[in-house]
Amino acid sequence: MTLLSTRGLTRHFAGIRAVDGVDFDLPEGEIRALIGPNGAGKTTFVSLLCGRIAPSAGTVAFDGRDISHLPAHRRINLGMAYTFQITSVFARLSVAENVGLAARRRLRGRAKVEAAVAAALARVGLEGRAGALAGDLAYGHQRLLEIAMGIVQAPRLLILDEPTQGLSDSEIAGFKALIRELAQSATILLIEHNMSVVMETAHRVTVLNFGQVLAEGTPEEIHADRAVQAACLGVG
Ligand SMILES: Nc1ncnc2c1ncn2[C@@H]1O[C@H](COP(=O)(O)OP(=O)(O)OP(=O)(O)O)[C@@H](O)[C@H]1O
Ligand SMILES: [Mg+2]
């Protein structure tokens, strides 16, 4: 079953075609990596999926339903969760409070929320930092906190924009295991510059370049693709 699809999805910014006629299909249960050079349109594309920005043209469908005109919070209620390239945690709240805010979108009752928060923090390896102020975490750990805020919502689709930025090598190894585990219960769309993460986690890879789909295939196919190598030179 196709969980998410776009047709002709397009977004212009003052003459720049940031996303330009993208047809995209994501089957349920898949881990899909979205790669491409800086400025290729990756963040703009997922912002259109989430409803953070409106398309100039084209459609987005989720679970067979046209959601092109749904506001972002309604898309979250349908089961889309996302983390963005710029961290958006509440710096002056604790780690647990941040996750608790996200959990209360779905759960009622203090005990249920607390249990879900503890479980989500354990999954990303932040259980020891529950009481810390989010603003005191290292940047990479703020990204992990955002992932916890996403997974506590038990999403059907989890979209992650460069989640490994700022993580150490050992933390990245843990992240790969986390993604595989999350894929048991969610479909994952992962914007990623780290090629080892792409190669070791993704079922398929979509390459964006100048707002358009340059290539799509298995990690091995994409790795061997000459056009992709030329476009992504110096990336990853
Ligand atoms: N709000 C905006 N206003 C104007 N131009 C924008 C805006 N957002 C993105 N752009 C432009 O759209 C193009 C695509 O940007 P986008 O951030 O989507 O790329 P990206 O693939 O996520 O890049 P990166 O790998 O650096 O994160 C770029 O040329 C960028 O400058
Ligand atoms: Mg980006």
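In this report, we go over the structure that sits alongside the text. Note that the structure is a prediction, hence the values are computed from the model and not measured. (Residues numbered from 1 in each chain as written. Chains lettered and ligands numbered in written order. Predicted model: local features only at pLDDT ≥ 70, side-chain atom pairs only at ≥ 80, totals over all residues. Heavy atoms only, no water.)

Quick look at the pairing of strand β10 (residues 212–217)
When strand β9 (residues 204–209) meets β10, the two strands line up antiparallel, connected through 5 bridges. Opposite Val207, over in β10, you have Ala215 as the bridge partner. Remark: 2 residues form the turn of the hairpin made by β9 and β10, two consecutive strands paired antiparallel; Phe210 in that turn has positive phi of roughly 50 degrees. (Pairing = 2+ DSSP bridges. Helix = DSSP H or I, 4+ residues; strand = E, 2+ residues; numbered from the N terminus.)

Regarding the site of ligand 1
Near ligand 1 you find 14 residues, and of these Gly39, Lys42, Thr43, Thr44 and Gln85 are the closest. One nitrogen or oxygen atom from the side chain of Asn38 is found 3.0 Å from an oxygen atom belonging to ligand 1. Lys42 is positioned such that a nitrogen or oxygen atom in its side chain is 2.7 Å from an oxygen atom of ligand 1. Here ligand 1 loses 62% of its free accessible area of 640 Å² to cover by the protein chains. When residues of the shell around ligand 1 are traced back to their parent elements, those giving at least two are β2 (16–27) and α1 (42–50). (Near = heavy atom within 4 Å. Polar contact = N/O pair within 3.5 Å; in protein donor to acceptor, adjacent residues only side chain to side chain. Areas by Shrake-Rupley, 256 points an atom, 1.4 Å probe, with all protein chains shown as cover.)

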